[in-house]
Amino acid sequence: MELLSLAGLLDVQTLDLQIDRLLEKRESLPELEVYKKVHTELQDVEAKRDASATILKQLELQLDKSEGEFEILETKLNEHETRLFAGGMSARETEFMRLEVQGLRGQRDAMEERVLQMLEDIDPARDEVKSLETEIEAANSEKTELEASIKREWKQIDGELARKEDRKKEAVHLIADDLMELYEKLRRIKEGVAVATYDHNVCGGCHMAFSPAEEVEAFSSDLPRCVHCRRILVA
Ligand SMILES: [Zn+2]
C-alpha cells in the first residue's frame, strides 16, 4: 500500500466529515423546527376557524329564517290594519279583526325581540371567525418567510456540498478500490472515522497508546491498523 494513497485517504475522510456536517446542518436548521411548530399551530387554528365558521353559518341561517318570519308577520299585520282603517265591516267582523291585529302585534314584537337577540349573538361569533382568520393569515405569511429562508440556506449548503463532492471525487480517484471499500466499511461502524493519525505512539482514533512491540507489528504491514480499534493508521 502506497503512502501517498493513505495520505489521500485522510483527505477523503476530511471531506467526508465535512459533507456529514453539512448534511447534518441541512437537516437541523433552526428554521425547520420553527416551521414545524408554525405548521402544527396553523392546523389547530384552521380547525378552530372551521368549527367557529360552522356555528356562525347556523346562526346566520336561523337569523335569516326569523327575519323572514318577522317580515311575513309585519305584512299580515299591515294588511289587517288597512282593512280596519278602511272600515265597512260589521261590528263582529271589526271586533274579530281588532283581536287578530292585537295577536299579530304580540307575535311580531316577540319575533322582533328574538331577531335582535340573534343579532347580538351573531356579532361575537363573527368576531371570533375574523380573529381566527387574521391568525391564519399571520401564520401563513410566517410560513412563507420561513420557506424562503430555508430554501436560501439549503441552496447555499447544497452549493458547498457539491464543491466538497467534486473534491472528494478527485481525491478518491487516487485511491485503490479495495482500500476505498475497507474505508467505507470502517466509516460505517466507526462513527465516520475510518482513518486515524498515529502520533507519539497514540492512535488518533481511539487515543490508546501502543507498546513498542505493537508499533513494530502494526507498521510492518503495508496497511497499518490500530491494534485497539482497527482503524487504518497514517503515520
Ligand atoms: Zn485506535
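Located above this text is the structure these notes cover.
In this text the structure is predicted, and so the values were computed from the model without any measurement. (Residues numbered from 1 in each chain as written. Predicted model: local features only at pLDDT ≥ 70, side-chain atom pairs only at ≥ 80, totals over all residues. Heavy atoms only, no water.)

S.K.: It is not clear to me how the overall build of the chain should be interpreted in this structure. Could you clarify?
M.R.: Looking only at helices and strands, the chain features five helices and three strands. Listing each helix as α and each strand as β along the chain from the N terminus yields α-α-α-α-β-β-α-β. Taken over the C-alpha trace, the chain has a radius of gyration of 42 Å; the compact-globule value for 235 residues is 18 Å, which it surpasses by more than 25%. With the C-alpha coordinates of the chain rotated into their principal frame, the extents come out at 135 × 30 × 25 Å. Long-range contacts, defined as pairs at least 24 residues apart, comprise 73% of the intrachain contacts of the chain with a sequence gap of at least 6. Split by element, the accessible area of the chain, about 15700 Å² in all, is 53% carbon and sulfur. Taking the average place of the 34 positive charges on the side chains of the chain and the average place of its 53 negative ones, the gap between the two points comes to 2 Å. (Helix = DSSP H or I, 4+ residues; strand = E, 2+ residues; numbered from the N terminus. Rg over C-alpha atoms; globule rule 2.2 N^0.38 Å. Contact = heavy atoms within 4.5 Å. Areas by Shrake-Rupley, 256 points an atom, 1.4 Å probe, with all protein chains shown as cover. Lys, Arg positive; Asp, Glu negative; His and termini not counted. Charge placed at Lys NZ, Arg CZ, Asp CG, Glu CD.)

S.K.: Can you help me understand the coordination of the zinc ion in this one?
M.R.: The expected angle between donors at a tetrahedral four-coordinate metal is 109.5 degrees. At an octahedral six-coordinate metal it is 90 or 180 degrees. The protein atoms that coordinate the zinc ion are Cys203 (SG), Cys206 (SG), Cys226 (SG) and Cys229 (SG), at distances spanning 2.2 to 2.3 Å. For the zinc ion, the four donor atoms in the first shell make angles of 107 to 114° at the metal, so the coordination geometry reads as tetrahedral. Spacing between the donor residues of the zinc ion along the chain follows C-x2-C-x19-C-x2-C. (Donors = N, O, S within 2.8 Å, 3.2 Å for Na, K, Ca; no water. Tetrahedral: all angles 85-135°; square planar, octahedral: opposite > 155°, others 65-115°.)

S.K.: I'm lost on helix α4 (residues 177-189) in this one. Help?
M.R.: Two residues of an α-helix separated by three or four positions point the same way, owing to the 3.6 residues in each turn. Over its 13 residues, α4 extends 19 Å from the first C-alpha to the last, a length consistent with the 18 Å expected when each residue adds 1.5 Å. By the burial criterion, the buried members of α4 are Leu179, Met180, Leu182, Tyr183, Leu186 and Arg187. Within α4, the buried residues cover an arc of 160° as seen down the axis, which keeps them to one side. Of the residues in α4, the exposed ones pointing more than 90 degrees away from the buried face are Asp177, Asp178, Glu181, Arg188 and Ile189. Downstream of α4 by one or two residues, Glu191 has phi in the positive range, about 50°. (Expected span 1.5 Å × (residues − 1). Buried < 20%, exposed > 50% of the residue type's maximum accessible area, 1.4 Å probe, protein only. Arc of directions from axis to C-beta.)

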